[in-house]
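The primary structure of each chain is shown beneath.
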Amino acid sequence: MAEQVARGPALGLLELSLVARGVLTADALVKRAEVELVASRPVSGGKHLVILAGGVEEVGEAMSAGRETAAEALVDHLQLACLHPPIWDMLGPPVHAAGWLTGPVGAAAIVETATVCAAVRAADAAGKAAPVALRDMQLAVGISGKAFFTMTGDLADIEAACAAARDAAGKHLLAIELIPAPAAEVVGRLIF
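Residues numbered from 1 in each chain as written. Predicted model: local features only at pLDDT ≥ 70, side-chain atom pairs only at ≥ 80, totals over all residues. Heavy atoms only, no water.

Draft legend 1. Representation of the pattern of salt bridges. All chains considered together, the criterion is met by 8 salt bridges. Across the pair arginine 21 and glutamate 72 runs a salt bridge whose closest N-O atoms are separated by 3.6 Å. Taken together, the residues span a long stretch of sequence, with arginine 21 in helix H1 (residues 19-32) and glutamate 72 in the loop between helix H2 (56-70) and strand E4 (74-80) at a distance of 51 residues. Since its relative accessible area comes to 22%, arginine 21 is described here as partly exposed. Residue class for glutamate 72 comes out exposed when judged on its relative accessible area of 63%. Its salt-bridge partner being arginine 32, residue glutamate 61 comes within 3.1 Å of it at the nearest N-O pair. (Salt bridge = Lys/Arg side-chain N within 4 Å of Asp/Glu carboxyl O. Helix = DSSP H or I, 4+ residues; strand = E, 2+ residues; numbered from the N terminus. Buried < 20%, exposed > 50% of the residue type's maximum accessible area, 1.4 Å probe, protein only.)

Structure follows, in structure tokens:
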């Protein structure tokens, strides 16, 4: 895996229904506060994601401008003062399960949500609730604007992480599937 880039500690994420408004929103929030624009990109389902990092106050100020500019095009938003560090690397290009062919697996779980914000919120909660390994994440590209992530660990830890993810995703949760003992043929290949 690539070297982790130091970001944050705060994360801001806006999910919009219009690409053009997404670009306008990205412009507005970087003009309002000194934050790092991690990404501003169109994704499946005609959505646009704007991801930013920085200090807690700066991200809060930028998110305020972003929500105002997004207006009725805002699908979902997320602001976290301190994102679970492994998630930063998962916000870029997709991280595929093939990258985790080694190491203990125990149990595995797949969490699927209707919005990107809900998946990131759920992954953050899961990673903070129990010592699980967040393995891969797909954010809206090629899956009709939905999002999902997978995690592995001891069964009791996966169960605790799933409970935290369920609570965090709320109404945007589509499914949580837990595999108590994945078959060897599936390990590292949950998503082909």
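Draft legend 2. Structural view of the environment of valine 38. In this fold, valine 38 is placed in strand E2 (residues 36-43). In this structure valine 38 comes out as partly exposed when scored by relative accessible area, which is 22%. Measuring from C-alpha to C-alpha, the distance between valine 38 and tryptophan 88 comes to 9.6 Å, with 50 residues separating the pair along the chain. Dropping the residues within four chain positions of it, valine 38 is found in contact with Arg7, Ile51, Leu52 and Ala53. (Contact = heavy atoms within 4.5 Å.)

Draft legend 3. Structural detail: unusual backbone geometry. Positive phi, close to 45 degrees, is recorded for alanine 71, a residue that is not glycine. Counting through the fold element by element, alanine 71 comes out in the loop between H2 and E4. Residue classification places alanine 71 among the partly exposed residues on the basis of a relative accessible area of 37%. For alanine 140, which is not glycine, the phi dihedral falls at a positive 75 degrees. Within the secondary structure layout, alanine 140 lies in the loop between strand E6 (133-139) and strand E7 (147-153). Classification of alanine 140 by relative accessible area gives buried; the value is 0%.

Draft legend 4. Main features of the sheet that holds E7. Strands sit in the order E6-E7-E5-E8 across an open sheet of 4 strands; the sheet is antiparallel. The two strands at the open ends of the sheet, each matched to only one other strand, are E6 and strand E8 (173-179). Looking at each pair of strands side by side, their axes are set apart by 10 degrees on average, direction ignored. Where E6 and E7 come together, 6 bridges link them in antiparallel fashion. What sits directly across from leucine 134, in E7, is methionine 151. Helix H3 (residues 116-129) contacts strand E5 (107-113), E6 and E7 of the sheet and is inclined by roughly 15 degrees relative to E7. The strands that helix H4 (residues 155-169) touches are E5, E7 and E8; relative to E8, the one it contacts most, it runs at about 180 degrees. (Pairing = 2+ DSSP bridges. Axes fitted to C-alpha atoms, helices over the stretch in contact; angles between N-to-C directions.)

Draft legend 5. Layout of the sheet that holds E2. Reading across from one edge, E2-E3-E1-E4 is the order of the 4 strands in this open sheet, with antiparallel pairing throughout. Each edge of the open sheet carries a strand with a single partner, namely E2 and E4. The sheet shows a mean angle of 10 degrees between the axes of neighbouring strands, taken without regard to direction. Of the pairings in the sheet, the one linking strand E1 (residues 10-16) to E4 comprises 6 bridges and is antiparallel in character. In the strand pairing of E4, leucine 13 is matched with leucine 78. The sheet contacts of H2 involve E1, strand E3 (47-54) and E4, and relative to E1 the element is tilted by about 10 degrees. Its contacts with the sheet put H3 on E1, E3 and E4, and the angle it makes with E4 is roughly 25 degrees.

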